[in-house]
Amino acid sequence: MTLLISITTDQGIVLASDSRQSQTNTNHIVRILTDNAVKIFELNSKVAIGAAGLSTYINDQGRLHTVSKYIQQYKETNNVESMSVEALARDIHRYIYNKFPWKLQIDETINKFKNDVASKKGRVLSINVQDNIINYTVQYPNKPVEQGNITVEPIDLLICGYNPGGDRYTYEAKIPGSVDLKRDSNDYGATWVGQTDVLTRLILGYDPNILNTDIFRNITQNNPDKIREVQQQLTGVEYNIPWSLLTLQDAIDLSVFLIKITSQIKKFSNGINMDMGDLQGVGGSVDVLVIKPDEIQWINKKQLHYPKEE
């Protein structure tokens, strides 16, 4: 897990991330692997990338696969300096999609689900995978057929920067999934991926899980138009932040604050009442990189160092 934030201002783009990396072991238990993971990388002199989501995988032989390794391999084996932000986003999405063993993670999740159903004397009637969503139909003894889905955490990338001509873009690339434009040169604001529930409450003013409560389900009745109407009305409680007027230092301060407060809330909480047992997936130091039209500048970057004395 991770919290990765990109803030676009008139002066440039701030990209910030925590350093915690978690891992699902062979017993399907999620544990904290390290608080020293590197998640932000320069792709060329004007474009950077950040990685969130399920970005590590350990195979049966104990070999560790990391998205960061494939990002570095991509950069070393491709002529990236003159590429546009979109071209880089689509090309690295295709590269990691083909290299990283994300399909094995889907297969392992399906096998675990089948074993769980079998242990309860049930039968899996159907399995259908759409990107990172596993849709299923099952039946247990003396019970009606049940339908549901399992969400497998995807790899989530933010690719931000400037084209050679000076246009500014931010793209999100999900694996499995698509590449989507999040912001262009005329759009200012914050884009976030990873463990975003605390940040969403702070900025938007509500937790998206509120739409799953009975009172909101009665209002929306699973009607997409009504859901969009409710979401549109909820924009009224969002904080009005003048993103285009923020200085780069303001954007740095805000991104670091949002990551640190997320880390602290996760430290002291056990999820929310309707979804207990959330992982403390945000932690460690905060790396911050600034992308300007003519250069990339590291504001804070982890370095190898002698351990602090206790």
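Quick caveat: nothing in here was measured; it's all calculated off a predicted structure.

Asker: Explain the overall build of the protein chain here, please?
Answerer: Each helix and strand counted, the protein chain has seven helices and 19 strands in total. With respect to the principal axes defined by its C-alpha atoms, the protein chain has extents near 65 × 50 × 45 Å. The 310 residues of the protein chain split such that 43% are buried. In the structure as shown, the protein chain presents an accessible area of about 16800 Å², 47% of it carried by carbon and sulfur atoms. In the protein chain, 32 side chains carry a positive charge and 36 a negative one; their mean positions are 6 Å apart.

Asker: What is the right way to look at helix H1 (residues 67–77) in this model?
Answerer: Along an α-helix, residues three or four apart share an orientation, since each turn contains 3.6 residues. Considered for burial, the residues of H1 that qualify are Val 67, Tyr 70, Ile 71 and Tyr 74. For H1, the angular spread of buried residues about the axis comes to 105°, placing them on one side. Those residues of H1 that are exposed and aimed more than 90 degrees away from the buried face are Glu 76 and Thr 77. Contact partners of the buried residues in H1: strand E5 (40–42), strand E6 (47–53), strand E8 (64–66), helix H2 (85–99) and strand E12 (155–162).

Asker: Just checking my understanding: could you explain the sheet that holds E12 for this structure?
Answerer: Pairing between the strands of a sheet comes from backbone hydrogen bonds, and it takes one of two forms, parallel or antiparallel. Read across the open sheet, the five strands follow the order E5-E6-E12-E13-E14; overall the sheet is antiparallel. Of all strands in the sheet, those bounded by a partner on one side alone are E5 and strand E14 (179–183). Averaged over neighbouring strand pairs, the angle between their axes works out to 25° when direction is ignored. Two strands pair when backbone bridges link them, and E5 and E6 are joined in this way by three bridges, in the antiparallel orientation. Note on E6: the bridge partner recorded for Glu 42 is Ala 48. Each of E5, E6 and E12 is contacted by H1, which is oriented at about 5° to E5, the strand it contacts most.

Asker: Just to check I follow, could you spell out the sheet that holds strand E18 (residues 287–292) for this structure?
Answerer: Pairing in this open sheet of five strands is antiparallel, and the strands run E15-E1-E2-E18-E19 from one edge to the other. Looking along the sheet, the strands with just one partner apiece sit at the ends: strand E15 (189–194) and strand E19 (295–300). Across the sheet, the axes of successive neighbouring strands diverge by a mean angle of 15°, strand direction being ignored. Along the sheet face, helix H4 (residues 197–204) touches strand E1 (3–8) and E15 and points at about 155° away from the line of E15. Along the sheet, helix H7 (residues 248–268) contacts E1, strand E2 (13–17), E18 and E19; its crossing angle with E1, the most-contacted strand, is approximately 160°.

Asker: Explain the environment of Gly 189 to me, please; I cannot follow it from the model alone.
Answerer: Examined against the element boundaries, Gly 189 turns out to sit in strand E15. Given the relative accessible area of 2%, Gly 189 is considered buried. Sequence separation of Gly 189 and Ile 241 is 52 residues, and the distance between their C-alpha atoms is 8.4 Å. With residues up to four places along the chain from it excluded, the contact list for Gly 189 reads Ser 6, Ile 7, Thr 8, Arg 183 and Trp 243.

Asker: What is the right way to look at the packing of H4 against H7 in this model?
Answerer: Contact geometry for H4 and H7: axes closest at 9 Å, N-to-C directions at 120°. What the angle tells us is that H4 and H7 run oblique. As H4 runs across H7, the sense of the crossing is right-handed. Each of Asp 197, Val 198, Leu 199, Leu 202 and Ile 203 in H4 lies in contact with H7, whose residues at this interface are Leu 258, Ile 261, Thr 262, Ile 265 and Lys 266.

Rules used throughout
Residues numbered from 1 in each chain as written. Predicted model: local features only at pLDDT ≥ 70, side-chain atom pairs only at ≥ 80, totals over all residues. Heavy atoms only, no water. Helix = DSSP H or I, 4+ residues; strand = E, 2+ residues; numbered from the N terminus. Buried < 20%, exposed > 50% of the residue type's maximum accessible area, 1.4 Å probe, protein only. Areas by Shrake-Rupley, 256 points an atom, 1.4 Å probe, with all protein chains shown as cover. Lys, Arg positive; Asp, Glu negative; His and termini not counted. Charge placed at Lys NZ, Arg CZ, Asp CG, Glu CD. Arc of directions from axis to C-beta. Contact = heavy atoms within 4.5 Å. Pairing = 2+ DSSP bridges. Axes fitted to C-alpha atoms, helices over the stretch in contact; angles between N-to-C directions. Parallel < 35°, antiparallel > 145°, perpendicular 65-115°, else oblique. Left-handed = near helix turned anticlockwise from the far one by under 90°.

All we've got here are geometric facts, nothing functional implied.
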